[in-house]
Amino acid sequence: MTADCVPPAPPPVALRWERREPPLAAAAVLAVGAAVPALAAATRERLTDGARLGVLADDTTLLVLGAERDLPWSDGARYLGHDGELLVPTTARPWPAPALWRTALGAEPGELCVLVPGHALVAAPPAPAADPEALTPYTRRAG
């Protein structure tokens, strides 16, 4: 009797973050959890001032995309830049290569793909936000 020999599965690749110097240019800002209300308020103000920003939001996450000069500033938010077709923190580089993480996350061509420590997002890119008041519900802390 012979045993079937099955090669072992390759070990999973762990995501590591390396410091990036110089930082990437900011193309987006991300807030998660308690940081969402402040970023929502700052984004609403920038939209009122005429900035063209794309916004993706739900109860726990707010992602704002736009030109670096138009992005709002907010405590607790992370600024993201393009590393190929992946949005990552401006001061960090994912290892292994960003293109591999985009594939691993299941992002299709044309989809937005965000990777930050502890979080990943794949979604259709948002259109520029037109109504600053649409952010009002996100300016309130969940209670």
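Please read these numbers as outputs of a predicted model, since none were measured by experiment.

### Some remarks on the overall build of the protein chain
Argument step 1. Within the protein chain one finds two helices and nine strands.
Argument step 2. Counting helices and strands in the order they occur from the N terminus, the protein chain gives β-β-α-β-β-β-β-β-α-β-β.
Argument step 3. Looking at the protein chain as a whole, 37% of its 143 residues are labelled buried.

### A short note on the side chain of Asp-83
Argument step 1. Position of Asp-83 relative to the elements: it lies in strand S5 (residues 78–83).
Argument step 2. Within the structure, the side chain of Asp-83 is placed 2.5 Å from the side chain of Arg-20, a separation counted as a polar contact.
Argument step 3. Excluding anything up to four places from it in sequence, Asp-83 contacts Arg-20, Leu-24, Val-88, Arg-93, Pro-94 and Pro-98.

### Remarks on the packing of aromatic side chains
Argument step 1. Here the structure, examined in full by the defined rule, presents zero aromatic pairs.
Argument step 2. Here the guanidinium or amino end of Arg-16 rests over the ring plane of Trp-95, the centre of that ring lying 4.2 Å away.

Procedures and definitions
Residues numbered from 1 in each chain as written. Predicted model: local features only at pLDDT ≥ 70, side-chain atom pairs only at ≥ 80, totals over all residues. Heavy atoms only, no water. Helix = DSSP H or I, 4+ residues; strand = E, 2+ residues; numbered from the N terminus. Buried < 20%, exposed > 50% of the residue type's maximum accessible area, 1.4 Å probe, protein only. Polar contact = N/O pair within 3.5 Å; in protein donor to acceptor, adjacent residues only side chain to side chain. Contact = heavy atoms within 4.5 Å. Phe/Tyr/Trp six-rings, centres within 6.5 Å; stacked < 30°, edge-to-face > 60°. Lys NZ or Arg CZ within 6 Å of the ring centre and 35° of its normal.

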